[in-house]
Amino acid sequence: MAAGTIRYWAAAKAAAGVAEEPYAAENLAEALDAVRERHPGELVRVLRRCSFLVDGDPVGTRGHETVRLAEGGTVEVLPPFAGG
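Reading the values: the criteria
Residues numbered from 1 in each chain as written. Predicted model: local features only at pLDDT ≥ 70, side-chain atom pairs only at ≥ 80, totals over all residues. Heavy atoms only, no water. Core = buried A, V, L, I, M, F, W, Y, C linked by side-chain atoms within 4.5 Å. Buried < 20%, exposed > 50% of the residue type's maximum accessible area, 1.4 Å probe, protein only. Helix = DSSP H or I, 4+ residues; strand = E, 2+ residues; numbered from the N terminus. Contact = heavy atoms within 4.5 Å. Pairing = 2+ DSSP bridges. Axes fitted to C-alpha atoms, helices over the stretch in contact; angles between N-to-C directions. Salt bridge = Lys/Arg side-chain N within 4 Å of Asp/Glu carboxyl O.

(A) Just the nonpolar core, in detail. With 22 residues, the main nonpolar core has Ile6, Tyr8, Leu28, Leu43, Phe52, Val75 and Val77 as its most contacted residues. Those elements that provide at least two residues to this core are strand S1 (2-8), helix H1 (10-16), strand S2 (20-25), helix H2 (28-38), helix H3 (42-47), strand S3 (51-54) and strand S5 (74-78). No other element matches the 4 residues that H2 contributes to this core. Excluding its chain neighbours within four sequence positions, the residues that come into contact with Leu43 are Tyr8, Ala12, Ala15, Ala16 and Val35.

(B) Quick look at the sheet that holds strand S4 (residues 57-58). The mixed open sheet is built from 5 strands, whose spatial order is S2-S1-S5-S3-S4. Each of the sheet's edge strands pairs with one partner strand only, and the pair in question is S2 and S4. In this sheet, S5 lies alongside S1 in parallel orientation, the contact comprising 4 bridges. Note on S5: the bridge partner recorded for Tyr8 is Val77. This element, H2, spans S1, S2, S3 and S5 of the sheet and lies at about 130° to S2.

(C) Spotlight on the pattern of salt bridges. Scanning the entire structure with this criterion turns up 5 salt bridges. The partner of Arg45 in a salt bridge is Glu42, and the shortest N-O contact between them spans 3.2 Å. Highlighted residues: Arg45 and Glu42, both in helix H3, separated by 3 residues, approximately one helical turn. Accessibility expressed as a relative area gives 40% for Glu42, which makes it partly exposed. One network of salt bridges, with partners in common, ties together Arg7, Glu20 and Glu76.

(D) Local environment of the pairing of S3. Burial along S3 is one-sided: Phe52 and Val54 are buried, and none of Ser51 and Leu53, which face the opposite way, are. Sheet analysis places S3 next to S4, joined by 2 bridges and oriented antiparallel. Residue pairing across strands places Val54 opposite Asp57, the latter belonging to S4. Here S3 folds back onto S4, and the loop between the two strands holds 2 residues, one of which, Asp55, carries a positive phi near 50°.

(E) Looking closely at unusual backbone geometry. Phi is positive for Ala10, which is not a glycine, with a value near 50°. Assignment of secondary structure puts Ala10 in helix H1. Here Ala10 falls in the partly exposed class, since its relative accessible area comes to 41%.

Read these as spatial facts, not as claims about activity.
Structure below.
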């Protein structure tokens, strides 16, 4: 199991109520499942519209269970931004 940081931006940050928090997970799917458990409600809805960067690389359409997380890594949670 890897440990790292999840960073929330814009609407995701507002819905989570924090700018960042730790993860302990093998893959992105596990990390996001833990986020949904910690933050039921608005953040769950916001996550459906988000894009994700893992250590600076876009996840795109890859299945979240296939995206391995690294020890000391970073997951960026990016909701759609107005104007770009």
